[in-house]
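# Inside the fold
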Amino acid sequence: MAENIIQAEGLVKIYKSKQTEVLALQGLDLNVEEGELTALIGNSGSGKSTFLNMIGGLDRPSAGSLFVGGKNLFTMTEKDLVAYKRDTVGFVWQNNGRNLLPYLSALENIMLPMHISSSKRKKERAMELIELVGLANKRHNHLNTMSGGEQQRIAIAIALANSPKLLLADEPTGSVDTRTANYIFDIFTELNKSGQTILIVTHDVALSKKVKRVIAIRDGKISSERILKESYADRLKEVTIDWRNEDTQEEYVIMDKAGRVQIPKELIGAMNLKDNKVKLEMHDGKIIITAPEIDG
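Residues numbered from 1 in each chain as written. Predicted model: local features only at pLDDT ≥ 70, side-chain atom pairs only at ≥ 80, totals over all residues. Heavy atoms only, no water.

## Looking at the packing of helix α5 (residues 148-159) against helix α6 (residues 178-193)
For the pair α5 and α6, the least separation of the axes is 10 Å and the interaxial angle reads 15°. Taken together, the axes of α5 and α6 lie roughly parallel to each other. For the crossing formed where α5 meets α6, the hand is right-handed. Residues G149, Q152, R153 and I156 of α5 form the contact with α6, whose participating residues are T180, Y183, I184, I187, F188 and L191. (Axes fitted to C-alpha atoms, helices over the stretch in contact; angles between N-to-C directions. Helix = DSSP H or I, 4+ residues; strand = E, 2+ residues; numbered from the N terminus. Parallel < 35°, antiparallel > 145°, perpendicular 65-115°, else oblique. Left-handed = near helix turned anticlockwise from the far one by under 90°. Contact = heavy atoms within 4.5 Å.)

In C-alpha cells, the structure reads:
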C-alpha cells in the first residue's frame, strides 16, 4: 500500500490586515498517496491556491498539521524551507515568466536550478528532460522564438530538474489552446505512469474530467471528490470522447471527522429553506434531508 506524500489535518490559514481577517482555509483535511495524479478544483477564493502555496513552501499555515514527503512544514526553519523547495517539490506556474529567464536558452533554463555537481551531468539531465517534453529541437532557442505552449513544456522540465517527490502545477493549461493542453496533460500522464506524484490546480473542465482523482474545495474545506470510472481509465487518449460533457467520474461528498458534510449549493437552493435548519431521517439505510414542515 502506497504511503501518503501529503498529510493535511485541520489546516487553517488566516490572512490579516489592519481592518480585516480572511479565513482562507477552515480546517482542511486531505491525504494524497505517493504516485497519485490528483486535481484540485474550486471557485476563485475557495482556498485551492492557498493550499497549493502551502504545499509548495511559499506560505505558512496558521494552524493544524501539514506533512509533505515526511517533512513537517510547521517546524521548518528558513534553511530547511530552501532545501525543501529545491528537492522535495517542483512548481509549474500558469505565468511562464515565473519559471523562465528570457536571456537563457531552453536548455540553460532547465540546467539553472540543478544542484548536480558535474556540468556534464547537468547537461545530460537537461537533455533527458527536454526530450521528455518533446522539445529537443528547441534546446538552443530563447523565449521570444517559442510559443506559449512550448514555454510551458520547458517550465515542466525545469520543475523536474531536481527529481522532486511532488510536482505541483497551478493552472498549467490555463493560457494555451486545446491541442497544447492535451499535449501537456499527456506529459503529466506519462510522468505519473513512471511514478511521479502530481497535484494540479485547474479550471479546465476537460482536463479535470480525465484525472483519476479530483478534489473540490469550497469555503476552505474539501467538499467533494470525483473518481474516474474504470470504463474511462484506459481511454484517456481517445479523441472520440467529449471529455467536457461526458459523465466520466463518480462524485462523492466528503464527511469530516465531526460527521459534517457540505451539501452542494444547488441542492440547498432547491430545498427552498427559510433558515439554516433541516430535518434528518434514516429510511431503508439512507439518510434523508428535508426542509422542516412549517405549521400553518
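Now that the structure has been shown, the text picks up again.
## What about the packing of aromatic side chains?
For the coordinates displayed, the defined rule picks out two aromatic pairs. The interplanar angle of 5° and the centroid separation of 4.1 Å between the aromatic rings of F91 and W93 together place this pair among those described as stacked. One exposure class covers both F91 and W93, and it is buried. When the ring centre of Y183 is taken as reference, the NZ or CZ atom of R153 above it lies at 4.2 Å. (Phe/Tyr/Trp six-rings, centres within 6.5 Å; stacked < 30°, edge-to-face > 60°. Buried < 20%, exposed > 50% of the residue type's maximum accessible area, 1.4 Å probe, protein only. Lys NZ or Arg CZ within 6 Å of the ring centre and 35° of its normal.)

## Notes on helix α1 (residues 48-55)
Counted residue by residue, α1 has six buried out of eight residues, so it is predominantly covered. G57 occupies a position one or two residues after α1 and carries a positive phi of about 75°.

## Examining a nonpolar patch on the surface
Together, V278, L280, M282, I287 and I289 line one region of the surface with nonpolar side chains, adding up to about 500 Å² of accessible area. Among the elements of the structure, β12 (279-283) and β13 (286-290) are those that each provide at least two residues to the nonpolar patch. Mapping L280 onto the fold places it in strand β12. Judged by its relative accessible area of 59%, L280 falls in the exposed class. (Patch = residues over 30% accessible without salt bridge, like charges linked within 9 Å, V, L, I, M, F, W, Y side chains within 5 Å. Areas by Shrake-Rupley, 256 points an atom, 1.4 Å probe, with all protein chains shown as cover. Salt bridge = Lys/Arg side-chain N within 4 Å of Asp/Glu carboxyl O.)

## Here's the deal with the pairing of strand β8 (residues 197-201)
The buried fraction of β8 amounts to five of the five residues, a majority that puts the element mostly inside the structure. With burial as the criterion, each face of β8 is covered, one bearing T197, L199 and V201 and the other bearing I198 and I200. Note that strand β3 (residues 37-41) and β8 share four bridges and pair parallel. If you follow L40 over to β8, its bridge partner there is V201. (Pairing = 2+ DSSP bridges.)

Coordinates in, geometry out; function isn't part of it.
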